[in-house]
Amino acid sequence: MSKTTTGTSAEGTPAAGPPGEDAPDTTPTGTGTTPSGADTTPSGTGTTPSGADSTPSGTGTTPSGTGTTPSGTGTDTATAGPAADDDLGAAGSQLSTAPTETSVPGSFGGNRAPGLAGRLAWTGREVVGWVRWFWRQLTSMRVALLLLFLLSLGAIPGSLIPQTGSDALKVESFRQAHTTLAPVYDKLGLFHVYSSPWFSAIYILLFVSLIGCIVPRTWQFTGQLRSRPPGAPKRLTRLPAYATWRTAAAPEEVRETALQVLRQRRFRAHTAGDAVAAEKGYLREAGNLLFHVALIVMLIAFAWGQLYKTEGNKLIVEGDGFSNTLTQYDDFKSGNLFDDDNLVPFSFDLKKFKATYEADGPNKGTARTFEADVDYSVGADGAEKHKVIKVNEPLEIDDAKVYLVSHGYAPTVTVRDGKGNVVFRQAVPLLPLDNNATSQGAIKVLDGYRDPQGKQEQLGFAAVLVPTFAGAGKGTMFSQFPALNFPVLSLGAYHGDLGVDAGTPQNVYQLDTKDPDLKPFKDAKGDILKKMLLPGETLTLPNGAGSITFEKDIKQWASFQIVQQPGTGWALTGALAAIAGLAGSLFIQRRRVWVRAVRGDDGVTVVEVAGLGRSESAKLPEEVGALAALVHDKAPTQTDAAADRPDADTPVPAEGAETK
């Protein structure tokens with residue numbers, strides 16, 4: 001008698017008959033898999049071995065009169081051994097374009113012929129063999145993932161250790177503070193990680209690995225798309241999901257019905273011999289290839305951006321402007337392949353800077369808004385446009401982005417000589433020292449000033465601005481609030497040579513008061529001349545040397561970072577494509593389904609439905625069960641009216657099914 005599935009019939013009653021009797025052939029016969037290695041239940045017993053469920057775990061829905069069970073082999077045919085591969089033939093091949101893993105060989109040269117010619121031939125075969133083996137390893141998925149991990153690992157020092165390309169001053173400070181580590185870091189290239197030889201080697205190897213992996217797999221995948229799904233194997237019972245039943249419909253009608261059902265469910269299907277072969281899930285491999293291509297796009301975009309990027313900063317006082325040329329930047333750095341012509345031509349003027357703060361409460365003094373009103377134009381003859389630049393809302397012009405990074409105050413001062421002539425009138429930016437905008441800087445009068453004797457001289461003033469002064473006698477010169485509620489300017493006066501003509505770079509926000517050529521003005525007590533000024537007040541220099549006035553017009557300044565990094569759009573596109581490809585390769589299952597319909601010896605058509613996936617999945621039996629149900633609706637199970645005939649005692653088993 002034949003074995004049957006342990007599913008239930010359409011009426012909800014057990015498919016098998018009472019013990020000792022052959023059940024009528026109204027359910028599909030199959031092989032079934034029972035837990036814990038128990039044998040399948042023979043038809044007619046109605047029971048299962050102790051501890052085994054009546055239906056295998058993970059099987060899908062059972063159509064009326066059909067049963068879908070995993071194969072009784074207990075193995076995934078897609079990953080079975082050589083015996084299973086030989087049995088499935090082409091049906092179990094090419095479910096993936098992944099290259100075959102190879103172990104380290106012993107020798108490629110083979111037998112070596114005597115003499116010099118034999119030795120040279122053997123050496124050539126050995127070298128070529130090892131090169132091919134190394135190339136297969138380099139282009140394998142394992143090595144690509146390893147290189148990607150090493151690239152991520154190698155980027156960590158670039159984030160933790162100061163880099164010469166981004167902040168040379170921090171690197172120099174690190175060298176002075178760590179005299180032992182600094183030479184080691186220099187030898188390892190940790191102060192310039194992204195341009196170091198070892199990081200470049202990892203980067204290039206990863207690039208080559210991805211290219212070598214993608215090209216052959218793409219050709220192979222293209223060939224699979226152009227070919228038809230392989231024909232059905234001889235023994236469908238060996239596949240992970242399987243269902244069978246007998247029907248009165250002709251085999252041709254069953255195959256035609258199966259072909260329509262499979263195509264309606266978006267399978268690529270065709271009739272091959274006595275079965276319909278179908279395949280679905282090509283997007284899994286397409287997603288895998290898309291992921292690899294996206295990684296290459298990201299690598300190229302990253303390299304392109306690093307080679308051609310520019311980054312500079314510019315401090316602009318209200319009313320002043322900026323033109324995107326090298327001479328306009330306060331500091332500037334660029335990639336190795338940058339050229340002056342690569343700068344995007346634009347300019348802008350800072351019309352007004354607005355800042356608001358929390359006036360009270362636990363967050364008193366916390367900034368609420370920072371806004372820079374600018375008018376900008378593109379090119380030499382571009383129309384002027386208006387834009388409000390906010391934090392994280394930059395001005396974007398082609399590949400260039402203008403970010404608002406900081407702000408402060410620029411008190412306007414007027415300097416006069418001993419004759420009352422104005423030699424300096426300017427808003428001087430001061431740098432904030434704390435969150436309440438206590439600001440410090442230097443006022444330098446470089447040209448146009450002469451002392452009372454008519455000798456040309458330079459003036460310098462050490463300045464501290466307190467936007468909100470605590471009041472006289474409070475014992476502090478630190479601001480109590482970042483807004484200009486009670487501004488006070490403290491000045492210390494010096495005269496002599498500021499050292500700007502010596503050709504040595506110096507900080508424009510500091511005075512070198514230790515320079516012997518720079519002498520302080522003295523008050524009546526012989527101390528350095530200092531005074532706190534309110535807006536509109538004047539500090540008079542001794543001996544008719546002139547004066548300096550703190551004007552009521554206190555301006556604000558804003559610091560902008562102008563970044564131009566081509567390839568960011570491509571990098572973003574590559575990242576999104578990589579996510580989409582990875583999702584497709586993880587969540588889409590590639591599977592094949594066959595529907596075989598043949599006429600048995602008794603003239604009744606035997607229908608078999610089986611499926612094979614690349615990896616074991618509970619969804620495969622469900623899908624095969626659903627397909628079997630749809631075919632079964634058009635070709636239902638035959639109920640033998642002549643089941644009582646003496647020659648109908650033993651039903652005909654499905655092809656490949658075991659008998660007992």
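The structure under discussion appears in the preceding block.
Conventions used here
- Residues numbered from 1 in each chain as written.
- Predicted model: local features only at pLDDT ≥ 70, side-chain atom pairs only at ≥ 80, totals over all residues.
- Heavy atoms only, no water.
- Buried < 20%, exposed > 50% of the residue type's maximum accessible area, 1.4 Å probe, protein only.
- Helix = DSSP H or I, 4+ residues; strand = E, 2+ residues; numbered from the N terminus.
- Pairing = 2+ DSSP bridges.
- Expected span 1.5 Å × (residues − 1).
- Contact = heavy atoms within 4.5 Å.
- Phe/Tyr/Trp six-rings, centres within 6.5 Å; stacked < 30°, edge-to-face > 60°.
- Axes fitted to C-alpha atoms, helices over the stretch in contact; angles between N-to-C directions.
- Patch = residues over 30% accessible without salt bridge, like charges linked within 9 Å, V, L, I, M, F, W, Y side chains within 5 Å.
- Areas by Shrake-Rupley, 256 points an atom, 1.4 Å probe, with all protein chains shown as cover.
- Salt bridge = Lys/Arg side-chain N within 4 Å of Asp/Glu carboxyl O.
- Lys, Arg positive; Asp, Glu negative; His and termini not counted.
- Charge placed at Lys NZ, Arg CZ, Asp CG, Glu CD.
- Core = buried A, V, L, I, M, F, W, Y, C linked by side-chain atoms within 4.5 Å.
- 1 Å grid on protein atoms, 1.4 Å probe; cavity = no way out; pocket = protein on both sides within 12 Å on 5 of 7 lines; lining within 4 Å.
- Points joined across faces, edges and corners; volume = space filled by probe spheres on them.
- Nonpolar A, V, L, I, M, F, W, Y, C, P; charged D, E, K, R; others polar.
- Polar contact = N/O pair within 3.5 Å; in protein donor to acceptor, adjacent residues only side chain to side chain.
- Parallel < 35°, antiparallel > 145°, perpendicular 65-115°, else oblique.
- Left-handed = near helix turned anticlockwise from the far one by under 90°.

Trainee: Tell me what's going on with the pairing of strand S21 (residues 546-564), and back it up with residues and numbers.
Mentor: With 15 of its 19 residues buried, S21 lies for the most part within the structure. Note that strand S5 (residues 310-317) and S21 share 8 bridges and pair antiparallel. What sits directly across from valine 317, in S21, is tryptophan 557. Note that strand S12 (residues 400-416) and S21 share 15 bridges and pair antiparallel. Bridge pairing in S21 places arginine 416 opposite serine 547. Looking at chain direction, strand S20 (residues 538-541) and S21 are connected through 4 bridges and run antiparallel. Looking at S21, one finds that threonine 538 is bridged to threonine 549.

Trainee: Mind laying out helix H10 (residues 619-634), listing which residues take part and the relevant values?
Mentor: Its 16 residues give H10 an end-to-end C-alpha distance of 23 Å, which sits within 8% of 22 Å, the value for a rise of 1.5 Å per residue. For H10, the complete set of buried residues consists of Leu620, Pro621, Glu623, Val624, Gly625, Leu627, Ala628, Ala629, Val631 and His632. Turning to H10, the residues buried within the fold contact strand S2 (241-247), helix H7 (251-264), strand S4 (275-280), strand S22 (591-599) and strand S23 (605-613).

Trainee: Any details on the packing of aromatic side chains? Residues and values, ideally.
Mentor: Taken as a whole and judged by the stated rule, the model has 18 aromatic pairs. Their ring planes at 55° and their centres at 5.6 Å tell us that phenylalanine 332 and phenylalanine 338 sit as a pair that is tilted. These aromatic residues form a ring-pair network of at least three members: Phe322, Tyr329, Phe332, Phe338, Phe346, Phe348 and Phe560.

Trainee: Just give me the short version of the sheet that holds strand S8 (residues 346-357), but keep the residues and values in it.
Mentor: If you trace the 4 strands from one edge of the open sheet to the other, you get S6-S8-S9-S10, paired in antiparallel fashion. Edge strands, defined here as strands with exactly one partner in the open sheet, are strand S6 (321-323) and strand S10 (385-390). Between one strand and the next, the sheet's axes are offset by a mean angle of 30°, whatever the strand orientation. Pairing of S6 with S8 involves 3 bridges; the strand directions are antiparallel. If you follow glycine 321 over to S8, its bridge partner there is aspartate 349.

Trainee: Hey, could you go over H7 for me, with residue numbers and the actual values?
Mentor: Under the 1.5 Å per step criterion, the end-to-end length of H7 is 20 Å for 14 residues, consistent within 8% with the ideal 20 Å. Regarding H7, the residues found buried are Pro251, Val254, Arg255, Thr257, Ala258, Leu259, Val261 and Leu262. On the buried face of H7, the contacting elements are S2, strand S3 (268-272), S4, S22, S23 and H10. Following H7 by one or two positions, arginine 266 adopts a phi angle in the positive range, close to 65°.

Trainee: Can you explain a negative patch on the surface? Please cite residues and give values.
Mentor: A contiguous patch of negative charge on the surface is contributed by Asp447, Asp497, Asp501 and Asp517. Locating aspartate 517 in the fold gives a position in the loop between strand S17 (488-496) and strand S18 (518-520).

Trainee: How would you summarise unusual backbone geometry if you had to cite specific residues and measurements?
Mentor: Unusually for a residue other than glycine, aspartate 398 sits at a positive phi of about 55°. The topology assignment puts aspartate 398 in the loop between strand S11 (395-397) and S12.

Trainee: Residue-level account of the nonpolar core, with values.
Mentor: One recurring pattern in soluble globular proteins is that nonpolar side chains are buried together. Core analysis: the biggest nonpolar cluster contains 30 residues, and Ile443, Phe461 and Leu491 have the highest contact counts within it. Only S12, strand S13 (422-427), strand S15 (439-445), strand S16 (458-466), S17, S20 and S21 provide two or more residues apiece to this core. Of all the elements, S16 adds the most residues to this core, at 4 residues. When near neighbours in sequence (up to four residues on either side) are disregarded, isoleucine 443 contacts Val413, Phe424, Val428, Leu459, Gly460, Phe461, Ala463, Leu491 and Ile548. Membership of the second largest hydrophobic core comes to 25 residues, among which are Leu138, Ala144, Phe174 and Ala578.

Trainee: Describe the pattern of salt bridges, listing the residues and the values that go with them.
Mentor: Close approach of charged atoms allows side chains of opposite charge to pair. A full pass over the atoms with the stated rule returns 14 salt bridges. Across the pair glutamate 285 and arginine 217 runs a salt bridge whose closest N-O atoms are separated by 3.0 Å. Of the two residues, glutamate 285 is situated in helix H8 (residues 282-308) and arginine 217 in helix H6 (residues 197-226); the sequence distance between them amounts to 68 residues. Relative accessible area serves as the criterion here: at 5%, arginine 217 is assigned to the buried category. The salt bridge partner of glutamate 623 is arginine 591, with a shortest N-O separation of 2.8 Å. Of the two residues, glutamate 623 sits in helix H10 while arginine 591 sits in strand S22, which places them 32 residues apart along the sequence. The residues glutamate 623 and arginine 591 share a single accessibility class, namely buried.

Trainee: How would you explain the layout of surface pockets if you had to name every residue and give the values?
Mentor: When its volume is computed, the largest pocket comes out at roughly 750 Å³. If you trace the largest pocket, you find 23 residues lining it, with Leu315, Asp330, Pro429, Val508 and Tyr509 closest to the centre. Those elements that provide at least two residues to the lining of the largest pocket are S5, S13 and S15. The leading source of residues in the lining of the largest pocket is S5, at 5 residues. Across the lining of the largest pocket, the residue classes tally to 13 nonpolar, 5 polar and 5 charged. Put simply, the second largest pocket is a space of about 640 Å³. Lining the second largest pocket are 23 residues, with Tyr194, Ser195, Gln306, Lys309 and Asn336 sitting closest to its centre. Taken together, the elements giving at least two residues each to the lining of the second largest pocket come down to H6, H8 and strand S7 (331-334).

Trainee: Hey, could you go over the side chain of lysine 280 for me, with residue numbers and the actual values?
Mentor: Of note, lysine 280 is situated in strand S4. Of the side chains with opposite charge, glutamate 623 comes closest to the buried, unpaired lysine 280, at an N-O distance of 4.1 Å. Within polar-contact distance, the side chain of lysine 280 engages the backbone oxygen of arginine 265 at 2.8 Å. Excluding residues that lie within four positions of it along the chain, lysine 280 makes contacts with Arg265, Arg266, Phe267, Gln589, Arg590, Arg591 and Glu623.

Trainee: Hey, could you go over the side chain of glutamine 564 for me, with residue numbers and the actual values?
Mentor: Locating glutamine 564 in the fold gives a position in strand S21. Its relative accessible area of 6% is what places glutamine 564 among the buried residues. There is a polar contact of 2.4 Å between the side chain of glutamine 564 and the backbone oxygen of asparagine 342. Apart from residues no more than four positions distant in its own chain, glutamine 564 is found in contact with Tyr308, Lys309, Thr310, Asn324, Asn342, Leu343, Val344, Asp399 and Ala400.

Trainee: Before we move on, can you summarise the packing of helix H3 (residues 141-160) against H6 with the specific residues and values?
Mentor: The contact between H3 and H6 brings their axes to 9 Å, and the two run at 150°. Judged by the angle between their axes, H3 and H6 are roughly antiparallel. The two elements H3 and H6 cross, and the hand of that crossing is left-handed. For the pair H3 and H6, the contacting residues are Met141, Ala144, Leu147, Leu148, Leu150, Leu151, Gly154 and Ala155 in the first and Trp198, Phe199, Ile202, Tyr203, Leu205, Leu206, Ser209, Leu210 and Arg217 in the second. In terms of residue class, the contact of H3 with H6 is built from 14 nonpolar, 2 polar and 1 charged.

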